[in-house]
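# Close look at the chain arrangement
Here is what each chain is made of, one letter per residue.
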Amino acid sequence: MITPATPSTSTLDSDTFRDVISNLITAVSIISTQRGDERFGVTASSVTSLSLSPASILVCLNQRLAIADVISETGVFAVNILGEEHGHLATQFSQNHEDKFRGTNLTTGDLGSPILSDALAHLECRLVERKDFATHAIFIAQIESASYRDGSPLAYWRSSFGNFGVE
Ligand SMILES: Cc1cc2nc3c(=O)[nH]c(=O)nc-3n(C[C@H](O)[C@H](O)[C@H](O)COP(=O)(O)O)c2cc1C
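Here the structure is a predicted model, which means the values were calculated and not measured.

Before going further, it helps to examine the sheet that holds strand β11 (residues 154-157). Strand order in the open sheet formed by three strands is β1-β11-β12, with antiparallel pairing between adjacent strands. The sheet terminates laterally at β1 (26-27) and β12 (160-163), the two strands that pair on one side only. The pairing of β1 with β11 spans two bridges and is antiparallel. Paired with Thr26 across the strands is Tyr156, a residue of β11.

Quick look at the structure:
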């Protein structure tokens, strides 16, 4: 059995890593949750399908983001997968602002998470496990409800928004 490397053993500098990993094209989502009257949302490209049975995903969020601790508290969140026309929402939710949800059409999910009505797809999730690694928290969650509409997803590649060129 090989002993896993500890987080401090990488010799790759972070600028090089950022440049290289930006070649990994991703979809873009808004992770959202609510505590009392306060809504939280962040742009995230780190959403990954984990297992079909039980239906589950993982998402990685920087531990310094307020939403990371709020998800740990509430135990629920939504994934709003953005359509190709939603680059402005990806930018809006990646920048600090007292009302990140301004100008959006919102509904509330069955578990109480804010849902962006215009998103391409929605998942409402219940937190199963949080694992912290270096700067980030890895959230593993089971899907409680899911829906999608026709349309194409927003893509993120080398710091630019676009589409996947598929119909
Ligand atoms: C396309 C894109 C993808 C991002 N993906 C992630 C991600 O997966 N995890 C993460 O912690 N931050 C990610 N970020 C950065 C966060 O969105 C950003 O740090 C956060 O919204 C800042 O929130 P605050 O202003 O409330 O602190 C991404 C940003 C962009 C533009």
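Once you've had a look at it, read on.
Attention now moves to unusual backbone geometry. In this model, Ser53 is joined to Pro54 through a cis peptide bond whose omega is 0°. Note on placement: Pro54 falls in the loop between β4 (48-52) and β5 (55-62). In the Ramachandran plot, Arg158 falls in the positive-phi region, its phi being about 45° despite a non-glycine side chain. Within the fold, Arg158 resides in the loop between β11 and β12. The phi dihedral of Ser159 is positive, around 70°, even though this residue is not glycine. Turning to its location among the elements, Ser159 is positioned in the loop between β11 and β12.

Here is what the cut-offs are and how they apply
Residues numbered from 1 in each chain as written. Predicted model: local features only at pLDDT ≥ 70, side-chain atom pairs only at ≥ 80, totals over all residues. Pairing = 2+ DSSP bridges. Helix = DSSP H or I, 4+ residues; strand = E, 2+ residues; numbered from the N terminus.

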